[in-house]
Amino acid sequence: MPAHTAATGTGTTAEVELSIGGMTCASCAARIEKKLNRMDGVSATVNYATERAKVSYRSEGLSVQDLITTVEKTGYTARRPAPPVRTEGSAPAPEDGADALRPLRQRLLTAVVLAVPVIAMAMIPALQFMYWQWLSLTLTVPVVTYAAWPFHRAAWTNARHGAATMDTLISVGTSAAFLWSVWALFFGTAGMPGMTHPFELTIGRSDGAGNIYLEAAAGVTAFILAGRWFEARSKRKAGAALKTLLELGAKEVTVLRGGREVTVPTAELQVGNRFLVRPGEKIATDGAVVEGASAVDASMLTGESVPVEVGVGDAVTGATLNAGGRLVVEATRVGADTQLARMARLVEDAQNGKAAAQRLADRISAVFVPVVLLIALVTLVVWLLLTDDVTAAFTAAVAVLIIACPCALGLATPTALMVGTGRGAQLGILIKGPEALETTRRIDTIVLDKTGTVTTGRMTLQDIHVATGTDASQTLRLAGALEHASEHPIAQAIATGARERTGTALPAVQDFTGLAGLGVQGVVEGHAVLVGREQLLAEWEIHLPEELARKKAAAEAAGRTAVAVAWDGEARALLEVADAVKDTSAEAIARLRALGLTPLLLTGDNRAVAESVAAEVGIDRDDVYAQVMPEDKVDVVRRLQTQGRSVAMVGDGVNDAAALAQADLGLAMGTGTDAAIEAGDLTLVRGDLRAAADAIRLSRKTLGTIRTNLFWAFAYNVAALPLAAAGLLNPMIAGAAMAFSSVFVVGNSLRLRGFRAAA
């Protein structure tokens, strides 16, 4: 990705984005950010979730390589991200699939397979055969070397830069347990034939030379790797919204060259090329219509529920759908200049700009780790000064490190997350990761997209008004039959509504003619029928009677589309078509208010439509934002955030993807586009807005469970630290404390299975 430059009052500044490697926690991102910002003329933000750094720097005297060098000196890797490449028919890049997680998965499997028998032998005296301790050592070596290598590497990097994180504690604790066990086996009495760990839960001083702690080293490594695995799986999806957006457009396009139609990849289009768009095809790129007329469905980009009529000279947008006639379009923007590409950049900027949620464990460990290391050192010194017993001193110091190594911490977040997300999936709620849970606690404002979220996203026949003496059933039969022959979305809504209301098949149509931008005409059951705009009737010298004219004005004031029906030279009826509000939307908004949230309506549709929908579902008129373009949706969310609000966004279209990414919490309707789903933090599979309230309730409950788990995971260790420092902690007490804390964490997490959706 090239660096972008801009002139400022203090010189020329440039912006570049870097891919960062080697980060293991949020504190790593903070350290890199701090180092970059210390450079003269540099302003940087580093996102742990997306593993990206966005850097603004003065181009005089500084280069991108200088920035990369600074990151590398901090102990991490940096490079410019490769530009997205899309080749027709090609397989996804390995990093897009499970291959990127293969090393972590292999380490996890190794740790689990080898740690289980080690833990079993240490905890169950019946399994302690003659030389069981040596088998435990053999099984533990690959776990604490190969499987735990990422922790040791991160701890070494942290140590070089004077920092300590949870990786430091895990590395020091597992290494201490392993090395002390090796010393006890080779130089103490633990390696003697017939050595056992009796099942005793008594507090008393034990002979450090006769005890091994291999189950602690192997078990902790396996538990923590399991947590990292689930975290990495959710992080892998961070950039999927961009890939989905880039894949959204047409793959091939029919270009007109010398009077011939030639099919070429869309990437080969150039400005000025003319290309053909048939009914039902996507428009390949931004351009202007030079031939033909049609209705274009742009709802997924603009959010406007009614298809837009276009003709010669009108602008059209790439990736929108031609819902009507044949068009010839001249390309005006291609590649990175198109609206779709700009939206992809909006999503990327929003994701990179979103502050990475600090892991609770890392925040606690920022204090806990240095304190534990200090306690261990003080314990060693005090025992040496008071007793001159080196073995006893080291036994107590190592016991401090072992009991402080948080076995249950590895389960605290992933178990609650697994149970919570599993229960959510059963209820049609998909939660992407811990960041989403932590954000739900602060949300106070929820912005709702209209089309497809509050409404169905489909045009439907809402009402029918007939002139005096006209039969409503006959009107539906004639109008429905004529509209059934048209591909226009409004026509299809009328045809579907006519079939449902009359309960009969629609009659055949003769001499059908579609008039772009006006309507349709034809002969049905011997009647010359016109269905469309009032202008179509006027061309035949037919005028709406006063009662229908009033109904038309009222319908349009309410944001509905009014379709006139006439036959045999007389205006007979008026049909109202609109994007219907979902039956459950009003109830859902009431539930959101009950959770302390302020609902706002955001749409690309006109204000009359937006205010009509808002009034129907219970949203205040002052909380309606209408006629908002995709880039402006992001601005609305940002403006709310600058006002000090914590914003959730619910949407379903491509036009919502950037706003979903910008919002503190993005909730995507599962019935919407892939781009919206990937940009959101939560996905509501059912497409029912009531699930948004359930999702927030479940997320808050899951977060509460994680917090409880984290508290007890540390509480057991903290409570046992004084015993360890006093030299009163034997291996069975340590093992029991770890086992009990783990059982508590798992049991507490399983309570989430009882979560119920609101009745």
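Parameters and conventions
- Sequence order sets the numbering: in each chain, residues are counted from 1 along the sequence as written.
- Local features in a predicted model are, by the rule used here, given only for residues with pLDDT of at least 70; side-chain atom pairs are given and counted only at 80 or more, and totals for whole chains, interfaces and linings are based on all residues.
- The basis for every side-chain value is the complete set of heavy atoms in the structure, and neither hydrogens nor water enter the calculation.
- Numbering of helices and strands runs from the N terminus; a helix is a DSSP stretch of H or I covering at least four residues, while a strand is a stretch of E covering at least two.
- Using a 1.4 Å probe on the protein chains alone, a residue whose accessible area is under 20% of its type maximum counts as buried, one over 50% counts as exposed, and one in between counts as partly exposed.
- When checking whether two residues touch, look at their non-hydrogen atoms; a contact exists if any pair is within 4.5 Å.
- Only the protein chains shown count as cover for residues, and the accessible areas themselves come from Shrake-Rupley with a 1.4 Å probe.
- Two strands qualify as a pair provided DSSP detects at least 2 bridges between them.
- A carboxyl oxygen of Asp or Glu within 4 Å of a side-chain nitrogen of Lys or Arg is what we treat as a salt bridge.
- To qualify as a nonpolar core, a set must consist of buried Ala, Val, Leu, Ile, Met, Phe, Trp, Tyr and Cys residues joined through side-chain atoms within 4.5 Å.
- Here an angle of 0 to 180 degrees is reported between the N-to-C directions of two axes, which are lines fitted to C-alpha atoms, with helices fitted over the stretch in contact.
- Working rule for helices: expected span equals 1.5 Å times residues minus one.
- Definition of a polar contact: a pair of N or O atoms within 3.5 Å, with one able to donate and the other able to accept a hydrogen when the atoms are protein atoms, and with sequence-neighbouring residues admitted only if both atoms are side-chain atoms.
- By definition, pLDDT measures how confident the predictor is in each residue, and it falls between 0 and 100.

### Let's talk about the overall build of the chain
Summing up its helical and strand segments, the chain has 26 helices and 27 strands in all. Burial status across the chain gives 52% buried among its 759 residues. Residue pairs in contact within the chain that sit at least 24 positions apart in sequence constitute 70% of those at least 6 positions apart. When the accessible surface of the chain is totalled, it reaches about 32000 Å², and 57% of it is carbon and sulfur.

### Observations regarding the sheet that holds strand 11 (residues 308–310)
Ordered in space as 11-10-13, the 3 strands form an open sheet in which the pairing is antiparallel. Each having just a single partner strand, strand 11 and strand 13 (321–322) make up the two edges of the open sheet. The pairing of strand 10 (residues 294–297) with strand 13 spans 2 bridges and is antiparallel. Each residue of the ladder has a partner; that of Val-296, found in strand 13, is Asn-322.

### Digging into the pattern of salt bridges
Oppositely charged side chains are able to pair whenever their charged atoms sit close together. Scanning all chains against the criterion turns up 21 salt bridges. The salt bridge partner of Glu-570 is Arg-572, with a shortest N-O separation of 3.9 Å. Classification of Glu-570 by relative accessible area gives partly exposed; the value is 43%. What emerges from the salt-bridge pattern is a single network uniting Glu-261, Arg-278 and Glu-281.

### Focus on the nonpolar core
Counting 52 residues, the largest nonpolar core has Ile-212, Leu-214, Leu-225 and Val-372 as its most contacted members. If we skip the residues at most four places from it in the chain, Leu-225 touches Leu-104, Arg-107, Leu-108, Ala-111, Ala-147 and Phe-151. Of all hydrophobic cores here, the second largest spans 45 residues; its members include Ile-429, Ala-436, Ala-614 and Ala-695.

### Re the sheet that holds strand 20 (residues 527–532)
What the 6 strands build is an open sheet, ordered 17-22-21-20-19-18; its pairing is antiparallel. Each end of this open sheet is capped by a strand with a single partner; those strands are strand 17 (455–466) and strand 18 (509–515). Neighbour-to-neighbour, the strand axes of the sheet open up by a mean angle of 20°, direction not taken into account. Summarising the sheet, strand 19 (residues 519–524) and strand 20 pair through 6 bridges and their orientation is antiparallel. Pairing of Gln-521 across the sheet is with Leu-530, part of strand 20. Where helix 16 (residues 472–484) meets the sheet, it contacts strand 17, strand 18, strand 19, strand 20, strand 21 (561–567) and strand 22 (570–581), and its direction lies at approximately 75° from that of strand 20.

### Re the environment of Gln-270
Within the secondary structure, Gln-270 is located in the loop between strand 7 (260–265) and strand 8 (274–277). Sequence separation between Gln-270 and Arg-333 is 63 residues, and the spatial gap between their C-alpha atoms is 8.0 Å. Those residues within four positions of Gln-270 in sequence are excluded, and the remaining contacts are Ala-331 and Val-334.

### Some words on the side chain of Thr-584
Relative to the helices and strands, Thr-584 is located in the loop between strand 22 and helix 20 (585–594). When its relative accessible area of 17% is taken as the criterion, Thr-584 is described as buried. In contact with Thr-584, other than residues within four places in its own chain, are Asp-688, Leu-689 and Arg-690.

### Section: helix 16
Between its first and last C-alpha atoms helix 16 spans 18 Å; for 13 residues at 1.5 Å apiece the expected length is 18 Å, and the two agree. For helix 16, every residue scored as buried is listed here: Thr-475, Leu-476, Leu-478, Ala-479, Gly-480, Ala-481, Leu-482 and Glu-483. Where helix 16 starts, the residue carrying a side-chain oxygen 3.3 Å from the main-chain nitrogen of Ser-473 turns out to be Asp-471.

### Examining unusual backbone geometry
Phi is positive for Glu-525, which is not a glycine, with a value near 50°. In this structure, Glu-525 sits in the loop between strand 19 and strand 20. Residue classification places Glu-525 among the partly exposed positions, given a relative accessible area of 45%. For Asp-568, which is not glycine, the phi torsion reads 55° and is therefore positive.

### Concerning the confidence of the model for the chain
When pLDDT is low, close inspection of the predicted coordinates is not appropriate. Mean pLDDT over the chain works out to 79, with 81% of the residues at or above the 70 mark. Mean pLDDT per element in the chain: strand 1 (residues 4–8) is the minimum at 49, and helix 4 (residues 132–147) is the maximum at 94. Throughout residues 84–98 the model reports pLDDT below 50, and contacts reaching past four residues in sequence, or to other chains, amount to 15 contacts. pLDDT under 50 marks residues 353–359. Its contacts with residues more than four places away, or in other chains, come to 18 contacts.

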